[in-house]
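Each chain, written out:
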Amino acid sequence: MALAQSAPPSATPNAPAPNSQAAPAPAKKSPQPKTQAEYEAYKTADSQTDPAKLEAAATDFAQKFPDSELRPFLFQRAMGQYQMANNPDKTLEMARAVLKYDPHNAVALLTAAQMLSERTHDSDLDRDDRLNEASANAYDALRYSGEIMQPPNMAPEQFAGALAQLRGTAHEVIATVAFKKLDYFAAIKEYNAAVAEEKEHTDPVVFLRLSVAQDKSGDYAVALVTVQKAIAASEPNSQIRQLAEQEKSRLEKLSAAQAQPVSK
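Reading the values: the criteria
Residues numbered from 1 in each chain as written. Predicted model: local features only at pLDDT ≥ 70, side-chain atom pairs only at ≥ 80, totals over all residues. Heavy atoms only, no water. Helix = DSSP H or I, 4+ residues; strand = E, 2+ residues; numbered from the N terminus. Buried < 20%, exposed > 50% of the residue type's maximum accessible area, 1.4 Å probe, protein only. Contact = heavy atoms within 4.5 Å. Polar contact = N/O pair within 3.5 Å; in protein donor to acceptor, adjacent residues only side chain to side chain. pLDDT = per-residue confidence, 0-100. Axes fitted to C-alpha atoms, helices over the stretch in contact; angles between N-to-C directions. Parallel < 35°, antiparallel > 145°, perpendicular 65-115°, else oblique. Left-handed = near helix turned anticlockwise from the far one by under 90°. Phe/Tyr/Trp six-rings, centres within 6.5 Å; stacked < 30°, edge-to-face > 60°. Core = buried A, V, L, I, M, F, W, Y, C linked by side-chain atoms within 4.5 Å.

## Some points on the overall build of the chain
Phase 1: Helix and strand content of the chain: eleven helices and zero strands.
Phase 2: Per-residue burial for the chain yields a buried fraction of 45% across its 264 residues.
Phase 3: Within the chain, contacts between residues at least 6 apart in sequence are counted, and of these 61% link residues at least 24 apart.

## A short note on the side chain of Arg77
Phase 1: The topology assignment puts Arg77 in helix H3 (residues 71–84).
Phase 2: Given a relative accessible area of 13%, Arg77 falls into the buried group.
Phase 3: One polar contact links the side chain of Arg77 to the main-chain carbonyl oxygen of Gln48, over a distance of 3.2 Å.

## Some thoughts on unusual backbone geometry
Phase 1: The phi angle at Asn86 is positive, at roughly 60°, despite the residue not being glycine.
Phase 2: Examined against the element boundaries, Asn86 turns out to sit in the loop between H3 and helix H4 (88–101).
Phase 3: Overall, the relative accessible area of 67% leaves Asn86 in the exposed class.
Phase 4: In the Ramachandran plot, Asn237 falls in the positive-phi region, its phi being about 70° despite a non-glycine side chain.
Phase 5: Tracing the backbone shows Asn237 in the loop between helix H10 (220–233) and helix H11 (239–259).

## As for the confidence of the model for the chain
Phase 1: In this model, the chain carries an average pLDDT of 89, and 87% of its residues clear a pLDDT of 70 or more.
Phase 2: By mean pLDDT, H11 is the weakest element of the chain at 91, and helix H8 (residues 184–198) is the strongest at 98.
Phase 3: Every residue in residues 9–26 scores below 50 in pLDDT, and together they form 21 contacts with partners more than four places removed in sequence or on other chains.

## Observations regarding the packing of helix H1 (residues 36–46) against helix H2 (residues 51–64)
Phase 1: The interhelical angle for the contact between H1 and H2, taken along N-to-C directions, is 165°, at an axis separation of 9 Å. Classified by the angle their axes make, H1 and H2 are roughly antiparallel. Crossing of H1 over H2 shows left-handed handedness. On H2, the residues touching Glu38, Ala41, Tyr42 and Ala45 of H1 are Leu54, Ala57 and Phe61.

## So, the packing of aromatic side chains
Phase 1: With the rule as written, the count across this model stands at four aromatic pairs.
Phase 2: One aromatic cluster is present, built from ring pairs that chain together Tyr42, Phe61 and Phe65.

## Description of the nonpolar core
Phase 1: Counting 45 residues, the largest nonpolar core has Leu74, Phe75, Ile148 and Val173 as its most contacted members.
Phase 2: Of all the secondary-structure elements, those providing two or more residues to this core are H1, H2, H3, H4, helix H5 (106–118), helix H6 (127–144) and helix H7 (156–180).
Phase 3: In terms of residue count, the dominant contributor to this core is H5 (nine residues).
Phase 4: Not counting chain neighbours up to four residues away, the residues in contact with Val173 comprise Leu110, Ala113, Gln114, Ser117, Ala134 and Ala138.

This is how it looks when you write it as structure tokens:
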């Protein structure tokens, strides 16, 4: 959704302002350029297809038009392009740039949360700060997901599915942060919330992580059921399938040991 949401659906200069007395809509109003010069400069910057060049163009545009409502769209496009290019550091940088101009941008909030939660390690000196930022961003992504505008090229059912996936991913991030903080019961709750949102589209990684959290909490029987879902949802010979099979073997041994009566 990052790329789909990165271009405003309408960019006509001097468009009339919406009626302030009208009933509020759940989504944001479409941003508008204030002048023809701003509109032309936006189109020129938006035409860049290389992420580094687009970032430079977005920075230049933001400097030339410091009051423009279109600034976050350019940085969001750069964020999406860096993400597709597998450049997490620049993806996070661009997500933060979007949030500088649009603090309620649910897509950027979630992207930043993902980058932080997945790339924070116990050895990081700023580990707690990064995890707290990730969790706060994910909660805000859930809070502001209703403000996302439906892209004109996306069917309503596709948009509803994308929003469900966004909310599910936000719960995944919150769960991952809880897991890294050793709060396994909170992690289980949030992974289950992710599954409830994503339904049949749940990634096998989510099932595996939920199973490990259940394992850590000592609920081996439930964890064994969950890891079977990870195996069923994963591709044969994939890394996730191998990890799930290993977890299944471990859980079977733990369940068998737990079922044995204690000798007196």
